[in-house]
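Chain residues, written in single-letter form:
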Amino acid sequence: MIKPIISLMLGGALITSPAYADQRNDVPSCYDYAKVSELNDKTIEREFFILVDQTVHLDTNMKKRVHAQLANFGKEGDKISLVTFSAMAKGEYTSIPFSGYFEKSPSQATQDDMNALGLRSLKSCLKKQSHALNAAHRALKESFNDADESYPKTELVGTVLSIGNDLVSQSSAKRKIVLLVSDMLENSESLTFYSRGSVKVPDATESFQRISEQGFVGDFAGAEIYVIGAGYIHGGKNYNSQKSMIELEKFWRQVFNSANVELKQFGKPNLLRNIM
């Protein structure tokens, strides 16, 4: 029934338009299955966006922490959207490996008006719809970069703001929550947080001004954002000074403030509290 259908719908998709991103649903509708589509309340209470920066190589522990945050979602009225990006690395694209809505159970009044067969089919299907969370976990696992390829030049700020404009701001959810999985280390032609092979973040305000002069503008429409992985260097090869980490967080706070998004936690590299 619903489980095998889900497995057929997990192909990644390039972001083509905001309308497409908002309407896409990789979780088959139980209301359609029970032939009571007209009774479906499609209100999205929470949409959880996981943005995975594929230029970053996370270790096993960090990956588990991202999966642990995903496990807090998939409740009735939730939508989960997994977005992967490579910060404008050559030949790579922003894509959506998974985007699915978990439907609400009908109100008691609605149930009272339904025929017994349709109600039984609907309830049975809704119980199994939670299995779609496993599909989201599989898509997340496959989204992590385990290859040896490196990306010497990336445009992280521009990419993140574009996702805010094209996806997050277009969501119809009452509450929009973003988990950004990235080292947050800009390394573009206009601004770099590296110097002689080590992380070195210059003055945050000057860095933000330089980015602003490039014309980067974003709008997350009042979403909440959590960052996991800030300053993370695979294998711990490069030492991050406390000063650089302070400036890194200051810089991104200015970026997010300008983009109408509330920074809830800036994990350096891990979050201190669960996202709920």
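All values derive from a computational prediction rather than experimental measurement.

1. With respect to the pairing of strand β2 (residues 46-53)
As a general feature of sheets, a regular strand has side chains that alternate between the two faces.
At step 1: Judged by how many residues are buried, β2 sits mostly within the fold: eight of eight residues are covered.
At step 2: Residues R46, F48, I50 and V52 line one face of β2 and the alternating positions E47, F49, L51 and D53 line the opposite face, and both faces are buried.
At step 3: Relative to strand β3 (residues 78-85), β2 runs parallel, the two being bridged by eight bridges. Paired with F48 across the bridge in β3 is I80.
At step 4: After leaving β2, the chain enters helix α4 (residues 60-70) and then returns to the sheet as β3, a path that is right-handed.
At step 5: Across seven bridges, the pairing between β2 and strand β5 (residues 175-181) is parallel. Residue pairing across strands places V52 opposite V181, the latter belonging to β5.

2. Re helix α8 (residues 156-166)
At step 1: With eight of its eleven residues buried, α8 lies for the most part within the structure.
At step 2: All buried positions along α8 are accounted for by L156, V157, G158, T159, V160, L161, I163 and G164.
At step 3: Looking at the buried residues of α8, the elements they touch are β2, β3, β5, α9 (204-213) and α10 (242-258).

3. With respect to the nonpolar core
At step 1: By size, the foremost hydrophobic cluster in this structure holds 39 residues, and its most contacted members are L180, M184, F220, L248, F251, W252 and F256.
At step 2: Elements represented by at least two residues in this core include exactly β2, β3, α8, β5, α9, β8 (223-228), α10 and β9 (261-266).
At step 3: Ranked by residue count, the leading element in this core is α10, at six residues.
At step 4: Counting 29 residues, the second largest nonpolar core, distinct from the first, contains V27, L82, L133 and I228.

4. Things to note about the packing of aromatic side chains
At step 1: Tallied over the entire structure, the rule returns four aromatic pairs.
At step 2: Pairing W252 with F256 gives two aromatic rings, centres 5.5 Å apart and planes at 35°, and the pair type is tilted. Of this pair, W252 and F256 both sit in helix α10, four residues apart, which is roughly one turn of the helix.
At step 3: Of the aromatic side chains, those joined through ring pairs into one cluster are F193, F251, W252 and F256.

5. Thoughts on the pattern of salt bridges
At step 1: Per the stated rule, a full pass over the model turns up ten salt bridges.
At step 2: We note a salt bridge from D41 to K104, for which the minimum N-O separation is 3.5 Å. Here the residue D41 occupies a position in the loop between α3 (30-33) and β2, and K104 occupies one in the loop between β4 (95-101) and α5 (108-113), the gap between them amounting to 63 residues.
At step 3: Exposure remark for D41: the relative accessible area of 36% places this residue in the partly exposed category.
At step 4: One salt bridge in this structure joins D78 and R46, with 2.6 Å as the shortest N-O distance.

6. So, the environment of S99
At step 1: Relative to the assigned elements, S99 resides in strand β4.
At step 2: Considered as a pair, S99 and L82 are 17 residues apart in the sequence and their alpha carbons are 6.2 Å apart.
At step 3: At a separation of 2.8 Å, a polar atom in the side chain of S99 contacts the side chain of S81.

7. Quick look at empty space enclosed by the protein
Taking a probe equal in size to a water molecule and rolling it over the atoms shows the remaining empty space.
At step 1: One pass over the structure, following the stated rule, counts two cavities of 30 Å³ or more.
At step 2: In this structure, the second largest cavity encloses a volume near 40 Å³.
At step 3: Around the second largest cavity, the lining residues are V52, D53, Q54, V56, L58, S143, F144, N145 and V181.
At step 4: When its residues are assigned to classes, the lining of the second largest cavity shows five nonpolar, three polar and one charged.

8. So, the environment of A259
At step 1: Mapped onto the secondary structure, A259 falls in the loop between α10 and β9.
At step 2: On a C-alpha basis, the gap between A259 and A221 in space is 8.0 Å, while along the polypeptide they are 38 residues apart.
At step 3: In contact with A259, other than residues within four places in its own chain, are L161, G218, D219, F220 and A221.

9. Considering unusual backbone geometry
At step 1: In this model, K268 is joined to P269 through a cis peptide bond whose omega is 5°.
At step 2: Secondary-structure assignment places P269 in the segment after β9.
At step 3: Phi angles above zero are rare outside glycine, and A221 is one such case at about 55°.
At step 4: You can see A221 is positioned in the loop between α9 and β8.
At step 5: By relative accessible area, A221 is classed as partly exposed at 29%.
At step 6: With a phi angle near 55°, N260 is a residue other than glycine that sits in the positive phi range.
At step 7: Along the chain, N260 falls in the loop between α10 and β9.
At step 8: For N260, a relative accessible area of 42% puts it in the partly exposed group.

So, how was this worked out
The residue count restarts for each chain, going from 1 along the sequence in the order it is written. For this predicted model, a pLDDT threshold of at least 70 governs which residues receive local features, and a threshold of 80 or more governs which side-chain atom pairs are given and counted, while totals over whole chains, interfaces and linings are taken from all residues. With hydrogens and water set aside, each side-chain value is computed from the structure's full complement of heavy atoms. Here the term buried applies to any residue with accessible area under 20% of the maximum for its type, exposed to any over 50%, and partly exposed to those in between, with areas from a 1.4 Å probe on protein chains only. Each helix is a run of H or I in the DSSP string that is no shorter than four residues. Each strand is a run of E no shorter than two, and both are numbered from the N terminus. When DSSP finds at least two bridges between two strands, those strands are taken to pair. Orient the strands so they point away from the viewer; a crossover is then right-handed if the path from the first strand over the helix to the second runs clockwise. Contacts were defined at the residue level, with two residues in contact if any of their heavy atoms lie within 4.5 Å. Take the buried residues of types Ala, Val, Leu, Ile, Met, Phe, Trp, Tyr and Cys, join any two whose side-chain atoms come within 4.5 Å, and each joined set is a nonpolar core. Any two rings among Phe, Tyr and Trp, with Trp reduced to its six-membered ring, count as a pair given centres within 6.5 Å; such a pair is stacked if its planes are under 30 degrees apart, edge-to-face if over 60, and tilted if neither. We define a salt bridge as a contact between a side-chain nitrogen of Lys or Arg and a carboxyl oxygen of Asp or Glu at a distance within 4 Å. We define a polar contact as two N or O atoms separated by no more than 3.5 Å, with the added condition that, inside protein, one atom must be a possible hydrogen donor and the other a possible acceptor, whereas residues neighbouring each other in sequence contribute only through side-chain atom pairs. The distinction between a cavity and a pocket rests on a 1 Å grid over the protein atoms alone: a 1.4 Å probe fits inside a cavity but cannot get out, while a pocket stays open yet meets protein on both sides within 12 Å along at least five of seven lines, and a residue with an atom within 4 Å of a point counts as lining. Grid points are joined across faces, edges and corners, and a volume is the space filled by probe spheres set on the points. Polar here means any residue outside two lists: the nonpolar Ala, Val, Leu, Ile, Met, Phe, Trp, Tyr, Cys and Pro, and the charged Asp, Glu, Lys and Arg; Gly therefore counts as polar.

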